[in-house]
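Fold and geometry: a report
The residues making up each chain are set out below.
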Amino acid sequence: MDTSRERHGGRMRPKVKATAPRSKARKVASAGTGKAGGKPAKSRVRQAKGAVSRAAVEANDETQNKLLLASIEVFGTHGFESASTRLLATHAGVNLQAIPYYFGSKEGLYLAVAEHIASRIRAHMEPLAEKIRSRLDLDENGKARYLPSPDEARGLLVDMLTTFAHLLVSDETASWASFIIREQQHPSAAFDRLYDGGMGRYIGTATQLVAAIVGQPPQSKTVQVQAIGLIGQILIFRSGRAAVLRALGWRNIGTSEFSEIAQMIGRNVSALQASAAGGLAP
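The structure reproduced in this document is the subject of the present report. (Residues numbered from 1 in each chain as written. Predicted model: local features only at pLDDT ≥ 70, side-chain atom pairs only at ≥ 80, totals over all residues. Heavy atoms only, no water.)

Formed by 72 residues in total, the largest nonpolar core has its most connected members in Phe75, Leu109, Leu157 and Ile261. Not counting residues within four places of it along the chain, the set of residues in contact with isoleucine 261 comprises Ala165, Val169, Phe237, Trp250 and Ile253. (Core = buried A, V, L, I, M, F, W, Y, C linked by side-chain atoms within 4.5 Å. Buried < 20%, exposed > 50% of the residue type's maximum accessible area, 1.4 Å probe, protein only. Contact = heavy atoms within 4.5 Å.)

Attention now moves to helix H6 (residues 176–185). What H6 keeps buried is the set Trp176, Ala177, Phe179 and Glu183. Buried residues of H6 fall within an arc of 170° about the axis and therefore sit on the same side. (Helix = DSSP H or I, 4+ residues; strand = E, 2+ residues; numbered from the N terminus. Arc of directions from axis to C-beta.)

Another aspect to go through is the packing of aromatic side chains. This structure, assessed with the given rule, holds 7 aromatic pairs. Aromatic pair tyrosine 101 and tyrosine 102: ring centres 4.8 Å apart, planes at 75°, arrangement edge-to-face. Assessed through its relative accessible area of 5%, tyrosine 102 is described here as buried. Each member of the aromatic cluster is reached from another via a ring pair, and the members are Phe75, Phe80, Tyr110 and Phe179. Just above the ring of phenylalanine 80 sits the side chain of lysine 106; from NZ or CZ to the centre is 4.4 Å. (Phe/Tyr/Trp six-rings, centres within 6.5 Å; stacked < 30°, edge-to-face > 60°. Lys NZ or Arg CZ within 6 Å of the ring centre and 35° of its normal.)

With respect to the element layout, threonine 77 can be found in helix H1 (residues 40–82). Sequence separation between threonine 77 and arginine 182 is 105 residues; the distance between their C-alpha atoms is 9.3 Å. For threonine 77, the side chain forms a polar contact with the main-chain oxygen of glutamate 73, separated by 2.9 Å. (Polar contact = N/O pair within 3.5 Å; in protein donor to acceptor, adjacent residues only side chain to side chain.)

In this structure the tally under the stated criterion is 7 salt bridges. Where lysine 66 meets glutamate 62, a salt bridge forms, and the shortest distance between an N and an O atom there is 4.0 Å. Pair noted here: lysine 66 and glutamate 62 are both in helix H1, with a separation of 4 residues, about one helical turn. Counted as one network, the salt bridges with shared partners bring together Glu126, Glu130, Arg133 and Arg201. (Salt bridge = Lys/Arg side-chain N within 4 Å of Asp/Glu carboxyl O.)

See the structure below:
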């Protein structure tokens, strides 16, 4: 593994080649089929070995998952440089050697954390985003072959932004915030995983929908800024959660509080459509 470093924003950050997390338990030889009419005892031995192998895989998967989830919080709180491997292992409740065993190094674990967050964003967003992209019939360059009406595009954009807002206010994303904000301020190789594997693809889809609403090409910087602005209005409910709760007098963001956020999304998208209809959109 390449563990050389590159400087980002005055700090030494990891520059690591992508490596998939390893699970040695999966490297078990498959049992032979045996001859017809073999002894039942051999069959029982093979079954027992298979059960042991499955148990080993499950145990290894659990250890990897513990490390990933614990490392999100540790890296987010302490940053890459200050998060020692001992601290990471202790926080996860695993042996120190589990980090090189599964991820190769601390750098490999850091990148795996970014991949994990991006995969969770995709799991939440991709079903709807894929439906929207299919409706737009995007070509290989990401250009829409089908241009929906402003009303249809507005409905799709509201659905997409509301789905994203649901993710951001969920308990799961609480541990992501510090990690993502650190990468926003001082991007490393992990930022590419977060952006290309998660946020970037949804910014592009939102831009296509805004373009259909205002009647402008998606290449327009004004359209792109409008799309990013709409997404940014939702991000504040996670990145600035403490300020939001204090300003609004909320104790948390439950069903009624989220209803206010959803209404805000609808109003802002409708305002975008109204301004375009009135000839105000550039």
